[in-house]
Amino acid sequence: MVLLSVLDILLMILGGAGLVYQAVCVVASLFAKQITFPDAPMDKRYAVLISARNEEAVIGNLINSIRSQTYPSRLVDIWLVADNCTDHTAQLVRDMGCHVVERFNKEQIGKGYALSYLLDHMINEGETDKYDAFFVFDADNRLDKHYIEEMNKAFHAGFKILTSYRNSVNLADNWVSSGSALWFIRESRFLNNSRMLFGSSCHVGGTGFMFSQEIMRRNRGWKFHLLTEDLEFSMDSVLHGDRIGYCGTAILYDEQPVTFGQSWRQRLRWSKGFLQVFRYYGPALIKRAVRERDFSCIDFTLVLCPFMVLGIARFLLGCLFAACGFVTWQSQLNSIGGWTYGIVLGVLGMMGLAALTCVAERDQIGATNKELFAYVLSFPIYMLSYVPISFQAVFSKAEWKPIEHHGK
């Protein structure tokens, strides 16, 4: 009985702290001016790293958007790892004048392994020494023409690791793509922007980020191979004392899944990856948060906290204690009723958050007002589907699977 009470209190404290923090971030981001960076010399040399698997339909769009940057093209080299490709991605990119490294490995599958292979090749060939920093993009991305120029300003300002504003090329396709797109826009506008205001660290997403030569040397290339290698990289960097910056004026567009099946598989991998990262980095984050009073570690402990695992443990223990007669079944039903009430409030809150995101970032969202109204109503459905996804992630073996991109 005491154990049940402890779990209830723990879930209440962690969940409440997370909600309060989210609310504070929203308020701060709405009323404080976005942090921008002063003009800087365009004198740094950058390598763009791209991992692609059968992306001949979209890779040309990304390369053209890189070549169309306001930043001097002579200072930007494009390196692509064609990872287990069976189409013409490698040849197409070679014909466009980029560096291409082909990789064939059916055992070590995933973007993390592909990036490791690419950087190892560059290091062995002595190619990394000439670059000040490295960008990472997905093959379906497109960049605003000022993207590298804006990131260069932030790099000159002293940040060794940077993430950017993540928008979408296909938000208006349907409720699935809009749910994913609004989630990333919300994260950029309300979370990473507020973290900059608070002076804490951001975390990189799976694409649209940069790290310096110094960081690359420390990691001996790329050493992150969990299902969410971006989050693993972020936690490792925070534990090394790095502050990851956010450049909201550097805008990237990516393509979101348009079928629920694709979205489910993608988010199942993410959910499993969050559990993996918490397993390997959670204790160290908590220790640093306590010893160093590092707010970023507190922040990311809440981000990684396995609420579904705690919820399952609470439910199973409640059923066991009720079956043994230690507590009544009615008390457990009352607890479930309380959770249901919380879910209803959560649905209303998510609708409000989606609406607020649409209003705050209206100029950045390519959809009609009618479409946005429909997507605000459907956003809670998208978010609530995380409940069964997170449950499945606890017990299943999620694997990296490519998502077919068509370009827009």
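Residues numbered from 1 in each chain as written. Predicted model: local features only at pLDDT ≥ 70, side-chain atom pairs only at ≥ 80, totals over all residues. Heavy atoms only, no water.

### Things to note about helix H2 (residues 59-67)
1) Next: Restricting attention to buried positions, one finds in H2 the residues Ile 59, Gly 60, Leu 62, Ile 63, Ser 65 and Ile 66.
2) Next: Residues of H2 that are buried sit in contact with strand S1 (46-52), strand S2 (76-83), helix H3 (89-95), strand S4 (133-138) and strand S5 (142-143). (Buried < 20%, exposed > 50% of the residue type's maximum accessible area, 1.4 Å probe, protein only. Helix = DSSP H or I, 4+ residues; strand = E, 2+ residues; numbered from the N terminus. Contact = heavy atoms within 4.5 Å.)

### With respect to the pattern of salt bridges
Think of it this way: side chains of opposite charge can pair up when their charged atoms draw near.
1) Next: Evaluated as defined, the whole model comprises 15 salt bridges.
2) Next: Ionic pairing is found between Lys 153 and Glu 150, a salt bridge with its closest N-O pair at 3.0 Å. Separated by 3 residues within a single helix, Lys 153 and Glu 150 lie in helix H5 (residues 147-156), roughly one turn from each other.
3) Next: Given the relative accessible area of 11%, Lys 153 is considered buried.
4) Next: Using a relative accessible area of 13% as the deciding quantity, one classes Glu 150 as buried.
5) Next: Several salt bridges share partner residues, and in doing so they unite Asp 39, Glu 150 and Lys 153 into one network. (Salt bridge = Lys/Arg side-chain N within 4 Å of Asp/Glu carboxyl O.)

### Observations concerning the sheet that holds strand S3 (residues 99-103)
1) Next: Pairing is mixed in the open sheet, where 8 strands are placed in the order S3-S2-S1-S4-S7-S6-S8-S5. The sheet terminates laterally at S3 and S5, the two strands that pair on one side only.
2) Next: In the sheet, S1 pairs with S2 via 7 bridges, with the strands oriented parallel. Pairing of Ala 52 across the sheet is with Ala 82, part of S2.
3) Next: Helix-sheet contacts for helix H6 (residues 175-198) involve strand S6 (161-168) and strand S8 (245-254), and the interaxial angle to S6 is about 145 degrees. (Pairing = 2+ DSSP bridges. Axes fitted to C-alpha atoms, helices over the stretch in contact; angles between N-to-C directions.)

### Remarks on the pairing of S3
1) Next: The sheet contact formed by S2 and S3 spans 5 bridges and is parallel. Following the sheet pairing, Ala 82 is matched in S3 by Glu 102.
2) Next: Once you follow S2 into H3 and on to S3, the crossover reads as right-handed. (Right-handed = clockwise from strand over helix to strand, strands pointing away.)

### Points about unusual backbone geometry
1) Next: The backbone phi angle of Asn 54 is positive, close to 55 degrees, even though this residue is not glycine.
2) Next: Relative to the helices and strands, Asn 54 resides in the loop between S1 and H2.
3) Next: Its relative accessible area of 33% is what places Asn 54 among the partly exposed residues.
4) Next: The backbone of Arg 293 sits at a positive phi, close to 50 degrees, despite the residue not being glycine.

### Examining the packing of helix H11 (residues 307-323) against helix H14 (residues 386-395)
1) Next: One way to put it is that H11 packs onto H14 with a least axis distance of 9 Å and a crossing angle of 80 degrees. Here H11 is positioned roughly perpendicular relative to H14, judged by the angle of their axes. Between H11 and H14, the contacting residues are Met 308, Val 309 and Ile 312 on the first element and Val 387, Ser 390, Phe 391, Val 394 and Phe 395 on the second.
2) Next: Residues belonging to the contact of H11 with H14 are distributed by class as follows: 7 nonpolar, 1 polar and no charged. (Parallel < 35°, antiparallel > 145°, perpendicular 65-115°, else oblique. Nonpolar A, V, L, I, M, F, W, Y, C, P; charged D, E, K, R; others polar.)

### Quick look at H6
1) Next: In this model H6 runs 33 Å from its N-terminal to its C-terminal C-alpha over 24 residues, within 8% of the 34 Å that 1.5 Å per residue would give.
2) Next: Counting buried positions along H6 yields 20 of 24 residues, so the element is predominantly enclosed.
3) Next: The backbone nitrogen of Val 176 lies 3.0 Å from a side-chain oxygen of the residue at the head of H6, namely Asn 174.
4) Next: Backbone geometry just after H6 places Gly 199 at a positive phi near 80 degrees. (Expected span 1.5 Å × (residues − 1). Polar contact = N/O pair within 3.5 Å; in protein donor to acceptor, adjacent residues only side chain to side chain.)

### Details of the UniProt feature "transmembrane region" (unreviewed entry) in the chain
1) Next: Mapped onto this numbering, the UniProt entry gives "transmembrane region" (unreviewed entry) at residues 6-32, 300-329, 341-360 and 372-395.
2) Next: Counting secondary structure, residues 300-329 comes out at 77% helix and 0% strand; the distance between its end C-alpha atoms is 36 Å.
3) Next: Overall, residues 372-395 shows 96% helix and 0% strand. The separation of its end C-alpha atoms is 35 Å. (UniProt positions renumbered as here; feature names shortened; annotations may be inferred.)

### Quick look at empty space enclosed by the protein
Once rolled over the atoms, a probe with the size of a water molecule shows which space is left empty.
1) Next: As enumerated under the stated definition, the model contains 2 cavities of 30 Å³ or more in all.
2) Next: Counted as a void, the largest cavity has a volume near 90 Å³.
3) Next: Along the walls of the largest cavity sit Thr 163, Ser 164, Arg 166, Phe 184, Glu 187, Ser 188, Asn 192, His 203, Gly 205, Thr 207, Gly 208 and Leu 252, which together make up its complete lining.
4) Next: When residues of the lining of the largest cavity are traced back to their parent elements, those giving at least two are S6 and H6.
5) Next: Residue contributions to the lining of the largest cavity peak at 4 residues, all from H6.
6) Next: Residue composition of the lining of the largest cavity, by class: 2 nonpolar, 8 polar and 2 charged. (1 Å grid on protein atoms, 1.4 Å probe; cavity = no way out; pocket = protein on both sides within 12 Å on 5 of 7 lines; lining within 4 Å. Points joined across faces, edges and corners; volume = space filled by probe spheres on them.)

### Comments concerning the domain arrangement of the chain
1) Next: The domain architecture assigned to the chain consists of domain 1 (1-30 + 280-395) and domain 2 (45-262).
2) Next: At the interface, 40 residues of domain 1 touch 39 residues of domain 2.
3) Next: Between domain 1 and domain 2, roughly 3400 Å² of surface is buried when both sides are summed, and carbon and sulfur atoms account for 71% of that area.
4) Next: On the domain 1 side of the interface with domain 2, the three residues burying the most area are Tyr 281, Phe 300 and Tyr 375, jointly 20% of the side's total.
5) Next: Joining domain 1 to domain 2, the criterion identifies 2 salt bridges.
6) Next: For the interface between domain 1 and domain 2, the tally reads 11 residue pairs in polar contact (both at pLDDT 80 or more). (Domains from an automatic or database assignment. Buried area = accessible area lost by both parts, 1.4 Å probe.)

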